[in-house]
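Read off the chains here:
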Amino acid sequence: MRYWRAAEPKRSYDVVVVGGGGHGLATAYYLARNHGVTDVCVVEKGWLGGGNTARNTTIIRSNYLWDESAAIYEHSLKLWEGLEEDLGLDLSFSQRGVLNLAHDLQDVRGSLRRVNANALNAVDAEWLTPAEVARFCPIVNVSPRVRYPVLGATLQRRGGVARHDRVAWGFATAADRLGVDIVEHAEVTGFARGPGGRVTGVDTTRGTVAAGSVALVAAGHTSVLAAMVGLRLPLQSHPLQALVSVLLEPVLGCVVMSNAVHVYVSQADKGELVMGAGVDAHNSYTQRGSFHVIERQMAAAVELFPVFAHAKLLRTWGGIVDVSPDASPIIGRTPLDGLFLNCGWGTGGFKATPGSGWVLAETIAKGEPSLLAAPFALERFTSGALIDEHGAAAVAH
Amino acid sequence: MLLLPCPWCGPRDEVEFHYGGQAGIAYPPDPEALGDEAWADYLFMRDNPRGAFAERWYHVHGCRRWFDLRRDTATNDLLGA
């Protein structure tokens, strides 16, 4: 099968998307597919899907608390459910169910509230007792005699995982087929400006490219790009770590997440346990985190899953995530004409890949926020209409 | 893992500290005079450079005092106070 062409950048495009991860590629794809905007270029400083898209733990779910979040994440989950057919590529999308464990009374109350909120938003959600957790996932230790006992869990059966790098390849290939140029190894070094400060293009290591609109979809490096046009954002960049074990026989048939003890884990089809750890508290762009974060995560994981004590750690790595004050993304226009943002997905952007691209494409094509994106505009930090999803975001920050 | 120079206790392991974010964000001298944009700026907008960054640290499991530090966020090199 043919994937995407290695395009030479033209001198001008209707839209330039900065960032060739899942979100940027999805934006380009939906610009072409939904809006007929095919004169689009994706510029990527490294190789395609080589950043957070290929570093995350691939968890997909939509069980967020607030109406605004439920709407955008559920839209994304619905897109996932038809994405393999739409892109014409096997993404190993597997709706094996996502458990979110509760370990104390506050957790239980928050989880029940989220289950009810999800039900009102037509997002599938169930509450499981500890005995039901043990039936659904037999290797979870539900004994009351552990430091943080399992008091129950929410279950989203439609949640699951997908193979992340193929998601990037799928969007790239489908976008390429519709005429989108994908230019790798082109790092943005500055912006071209027009009358009134309008952003009219990007300077890259492969030349200057003019653009009707520029979209920054650069995750942890968005602040660095925004600073080039004097824009200060409510974002802080942190390393988020993940790890895999050696290959094991199938032991874990679902995704298990725990906010309180900071474990989230699934088992890849090949057999390795894929686990997420936390973020380092300090700002950093080093793409590696501190070891004590891994140590703490492993201690909790082994208590929750005693069978994991036999597993050997194969590899750890870090990605740079852009964390916003309310654990919700920032999508839409900026104070500068011609410049759009899609950032702040923090520690949980993978699940939103198709939905995020869908709403940003609509916002760029129409020049005004799409209905699903409007609540996530940058202005919410001035108006005070924050969308606090710290409870549903899973990684504490 | 960082080894952080507490000005009072000397170099200590990162796990003894609490992070305080960007340094030099002063409480507005006349809060009632602030408009919405100025409040947003004070509460939420922060520098987030890839490179030298002045930040606050709190030696919570030591002397329990705050101090400022400059660190390179791309390399974790400490650049002095």
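As the structure is a prediction and not an experimental result, all values here were calculated from the model.

Caption draft 1: Summary view of the overall build of chain B. From N to C terminus, chain B includes one helix and five strands. Listing every helix and strand of chain B by position from the N terminus yields β-β-β-α-β-β. A globule of 81 residues ought to have a C-alpha radius of gyration of about 12 Å, yet chain B, at 15 Å, is considerably larger. Overall, chain B is about 40 × 30 × 20 Å in size when its C-alpha atoms are taken along their principal axes.

Caption draft 2: Representation of the packing of helix α1 (residues 22-35) of chain A against helix α5 (residues 164-177) of chain A within the structure. Residues and elements named next belong to chain A. Between α1 and α5, the shortest axis-to-axis distance is 9 Å and the interhelical angle comes to 30°. With respect to α5, the element α1 is oriented roughly parallel. The handedness of the crossing between α1 and α5 comes out as left-handed. Judged by residue contacts, Leu25, Ala26, Ala28, Tyr29 and Tyr30 of α1 engage Ala168, Phe171, Ala172, Ala174 and Ala175 from α5.

Caption draft 3: Molecular detail of the side chain of Asn48 of chain B. Position of Asn48 of chain B among the secondary structure elements: in the loop between α1 (36-43) and β4 (52-58). Judged by relative accessible area, Asn48 of chain B falls into the buried class, the value being 5%. At a separation of 2.8 Å, a polar atom in the side chain of Asn48 of chain B contacts the side chain of Ser223 of chain A. Within the structure, Asn48 of chain B has its side chain in polar contact with the side chain of Ser237 of chain A (distance 2.9 Å). Setting aside chain neighbours within four positions, we find Asn48 of chain B in contact with Ser223, Val224, Leu235, Gln236, Ser237, Asn283 and Tyr285 of chain A.

Caption draft 4: Quick look at the sheet that holds strand β4 (residues 98-102) of chain A. All names here are of chain A. One open sheet accounts for eight strands, arranged β5-β6-β4-β13-β14-β15-β12-β16; its pairing is mixed. Two strands in the sheet have a free side with no partner beyond their single neighbour: β5 (126-128) and β16 (313-323). Direction aside, the axes of adjacent strands within the sheet are offset by 20° on average. Of the pairings in the sheet, the one linking β4 to strand β13 (residues 255-258) comprises four bridges and is parallel in character.

Caption draft 5: Local environment of empty space enclosed by the protein. Residue and element names in this part refer to chain A. Applying the stated criterion across every chain, the model contains two cavities of 30 Å³ or more. In this structure, the largest cavity occupies an estimated 90 Å³ of space. In terms of lining, the largest cavity is formed by 15 residues, of which the most central are Ala327, Trp345, Gly346, Thr347 and Ala393. Among the residues making up the lining of the largest cavity, the classes are represented as six nonpolar, seven polar and two charged. By volume, the second largest cavity amounts to about 30 Å³. Contributing to the lining of the second largest cavity are His262, Gly278, Val293, Arg296 and Gln297. Looking at which element gives the most residues to the lining of the second largest cavity, the answer is helix α7 (residues 291-304), with three residues.

Caption draft 6: Representation of unusual backbone geometry. Residue and element names in this part refer to chain A. At Gln287, a position not held by glycine, the phi torsion is positive, near 55°. Structurally, Gln287 is set in the loop between β15 (272-279) and α7. Note on Gln287: relative accessible area 34%, which makes it partly exposed. The backbone of Ala327 sits at a positive phi, close to 55°, despite the residue not being glycine.

Caption draft 7: How the structure looks around the interface of chain B and chain A. In this complex, chain B contributes 25 residues to the contact, which on the side of chain A involves 24 residues. Of the roughly 2100 Å² buried at the junction of chain B and chain A (both faces included), carbon and sulfur atoms supply 53%. Its largest share of buried area at the contact with chain A, chain B owes to Phe44, Met45 and Asn48 of chain B, together 33% of the area lost on that side. At the junction of chain B with chain A, the criterion picks out two salt bridges.

Caption draft 8: Summary view of the pattern of salt bridges. Enumeration according to the criterion identifies 21 salt bridges over all chains in this entry. In this structure, the salt-bridge partner of Arg5 of chain A is Asp181 of chain A, at a minimum N-O distance of 3.1 Å. One end of the pair, Arg5 of chain A, is in the segment before β1 (12-18); the other, Asp181 of chain A, is in strand β8 (residues 181-183), with 176 residues separating them in the sequence. With a closest N to O distance of 2.9 Å, Glu16 of chain B and Arg12 of chain B form a salt bridge. By relative accessible area, Glu16 of chain B is classed as buried at 15%. Taking the relative accessible area as the measure of exposure, Arg12 of chain B reaches 36% and is therefore partly exposed. Via salt bridges that share partners, Glu74, Lys78, Glu81, Asp124 and Arg158 of chain A belong to a single interconnected network.

Caption draft 9: Quick peek at a nonpolar patch on the surface. A grouping of Phe291 of chain A together with Met1 and Val15 of chain B is seen on the molecular surface, where their side chains present a nonpolar patch of about 300 Å² in accessible area. Summarising the element assignment, Met1 of chain B is placed in the segment before β1 (3-6).

Caption draft 10: Up close: the sheet that holds strand β5 (residues 66-72) of chain B. Residues and elements named next belong to chain B. One open sheet holds the three strands; their spatial order is β3-β4-β5, and the pairing between them is antiparallel. This sheet does not close on itself; its edge strands, each paired only once, are β3 (18-22) and β5. Sheet twist, expressed as the average angle between the axes of neighbouring strands with direction ignored, equals 35°. Pairing geometry for β3 and β4, over three bridges, is antiparallel. Residue pairing in the sheet places Gln22 in a bridge with Glu55 of β4.

Caption draft 11: Here's a closer look at the side chain of Asn63 of chain A. Residues and elements named next belong to chain A. By the element assignment, Asn63 lies in the loop between β3 (59-60) and α2 (67-87). Of the residues examined, Asn63 reaches a relative accessible area of 5% and is grouped as buried. A polar atom in the side chain of Asn63 sits 2.8 Å from the side chain of Arg61. Reaching out from Asn63, the side chain makes a polar contact with the side chain of Asn100 at a distance of 3.3 Å. In contact with Asn63, not counting residues within four places along its chain, are Asn100, Arg114, Asn118, Val123, Thr154, Gln156 and Ala392.

Conventions we followed
- Residues numbered from 1 in each chain as written.
- Chains lettered and ligands numbered in written order.
- Predicted model: local features only at pLDDT ≥ 70, side-chain atom pairs only at ≥ 80, totals over all residues.
- Heavy atoms only, no water.
- Helix = DSSP H or I, 4+ residues; strand = E, 2+ residues; numbered from the N terminus.
- Rg over C-alpha atoms; globule rule 2.2 N^0.38 Å.
- Axes fitted to C-alpha atoms, helices over the stretch in contact; angles between N-to-C directions.
- Parallel < 35°, antiparallel > 145°, perpendicular 65-115°, else oblique.
- Left-handed = near helix turned anticlockwise from the far one by under 90°.
- Contact = heavy atoms within 4.5 Å.
- Buried < 20%, exposed > 50% of the residue type's maximum accessible area, 1.4 Å probe, protein only.
- Polar contact = N/O pair within 3.5 Å; in protein donor to acceptor, adjacent residues only side chain to side chain.
- Pairing = 2+ DSSP bridges.
- 1 Å grid on protein atoms, 1.4 Å probe; cavity = no way out; pocket = protein on both sides within 12 Å on 5 of 7 lines; lining within 4 Å.
- Points joined across faces, edges and corners; volume = space filled by probe spheres on them.
- Nonpolar A, V, L, I, M, F, W, Y, C, P; charged D, E, K, R; others polar.
- Buried area = accessible area lost by both parts, 1.4 Å probe.
- Salt bridge = Lys/Arg side-chain N within 4 Å of Asp/Glu carboxyl O.
- Patch = residues over 30% accessible without salt bridge, like charges linked within 9 Å, V, L, I, M, F, W, Y side chains within 5 Å.
- Areas by Shrake-Rupley, 256 points an atom, 1.4 Å probe, with all protein chains shown as cover.

From the geometry alone we can't say anything about function, so treat these as descriptive.
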